[in-house]
Amino acid sequence: MDKTHVRKRAYKLRKTKYQPLHDFLVSQSLTEIALSFRRLEQILGFELSATALKPAFWVNLQNISESGHPCRSWLKAGYHAAYSNEGIITFTKVQHSVA
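Described in the following lines is the structure provided in the data block. Worth saying up front: this structure is predicted, and the values here are computed from it rather than measured. The numbering scheme is per chain: residues are counted from 1 as the chain's sequence reads. For this predicted model, a pLDDT threshold of at least 70 governs which residues receive local features, and a threshold of 80 or more governs which side-chain atom pairs are given and counted, while totals over whole chains, interfaces and linings are taken from all residues. Working from all heavy atoms in the structure, the side-chain values ignore hydrogens and water.

### Side note on the pairing of strand S3 (residues 88-93)
Each regular strand carries side chains that alternate between the two faces of the sheet.
Reasoning step 1: Any two strands with at least two DSSP-identified bridges between them are counted as paired. Segments assigned H or I by DSSP are reported as helices when at least four residues long, segments assigned E as strands when at least two residues long, and all are numbered from the N terminus. Relative to S3, strand S1 (residues 32-36) is paired through 5 bridges, and the arrangement is antiparallel. Residue pairing in the sheet places Ile33 in a bridge with Phe91 of S3.
Reasoning step 2: Inspection of the sheet shows strand S2 (residues 79-83) paired to S3 by 5 bridges, in the antiparallel sense. Looking across to S3, one finds that Tyr79 is bridged to Lys93.
Reasoning step 3: What sits between the antiparallel neighbours S2 and S3 is a turn of 4 residues, in which Gly87 has the positive phi angle 75°.

Below, the structure is given as structure tokens:
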């Protein structure tokens, strides 16, 4: 088996069900994107779980390297998420300072 095939296979194994959200956010140029649960389900291609409909699901965990949490999808895309009581998740582009 050649190394290229092995690398592609390893990447596919790391892909999560929230990868479509990551891909969507990366493709956006907006600094703020508000999405309803319904729109999120369209992007993801599946119905959100009851847990995902609660504010705690949309936290921005700081140590994502060891987290299996879906927040990796938006944090790796450069966004923070915020839950609103109206069932809207607002993704805001993170401004990184230059050191």
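### Re the packing of aromatic side chains
Reasoning step 1: Ring pairs are drawn from Phe, Tyr and Trp, using the six-membered ring of Trp, whenever the two centres fall within 6.5 Å, and their geometry is named by plane angle: stacked under 30 degrees, edge-to-face over 60, tilted for the rest. As enumerated under the stated definition, the model contains 7 aromatic pairs in all.
Reasoning step 2: With 5.6 Å between their ring centres and 90° between their planes, Tyr18 and Phe46 make a pair best called edge-to-face. Placement of the pair is Tyr18 in the loop between helix H1 (3-14) and helix H2 (19-26) and Phe46 in the loop between helix H3 (37-44) and helix H4 (71-76), with a sequence separation of 28 residues.
Reasoning step 3: Remark: exposure states derive from per-residue accessible area (1.4 Å probe, protein chains only) relative to the maximum for the residue type, with buried under 20%, exposed over 50%, and partly exposed in between. Take Tyr18: its relative accessible area is 6%, and that puts it in the buried class.
Reasoning step 4: Geometrically, the ring pair formed by Trp58 and Phe91 is edge-to-face, given 6.3 Å between the ring centres and 80° between the ring planes. Placement of the pair is Trp58 in the loop between H3 and H4 and Phe91 in strand S3, with a sequence separation of 33 residues.

### A word on the nonpolar core
Reasoning step 1: Only buried residues count toward a nonpolar core. Its members are Ala, Val, Leu, Ile, Met, Phe, Trp, Tyr and Cys residues joined through side-chain atoms within 4.5 Å. The biggest cluster of nonpolar side chains holds 22 residues, and the ones touching the most others in it are Leu21, Leu25, Leu35, Leu40, Trp58, Trp74 and Phe91.
Reasoning step 2: For this core, the secondary structure elements donating two or more residues are H2, S1, H3, H4, S2 and S3.
Reasoning step 3: The greatest single-element share of this core, amounting to 4 residues, is contributed by H3.
Reasoning step 4: A contact between two residues is defined here by any heavy atoms of the two lying within 4.5 Å. Residues in contact with Leu25, not counting those within four places in the same chain, are Ile33, Trp74, Ala77, Tyr79 and Phe91.

The values reported here are purely geometric and, on their own, carry no functional implication.
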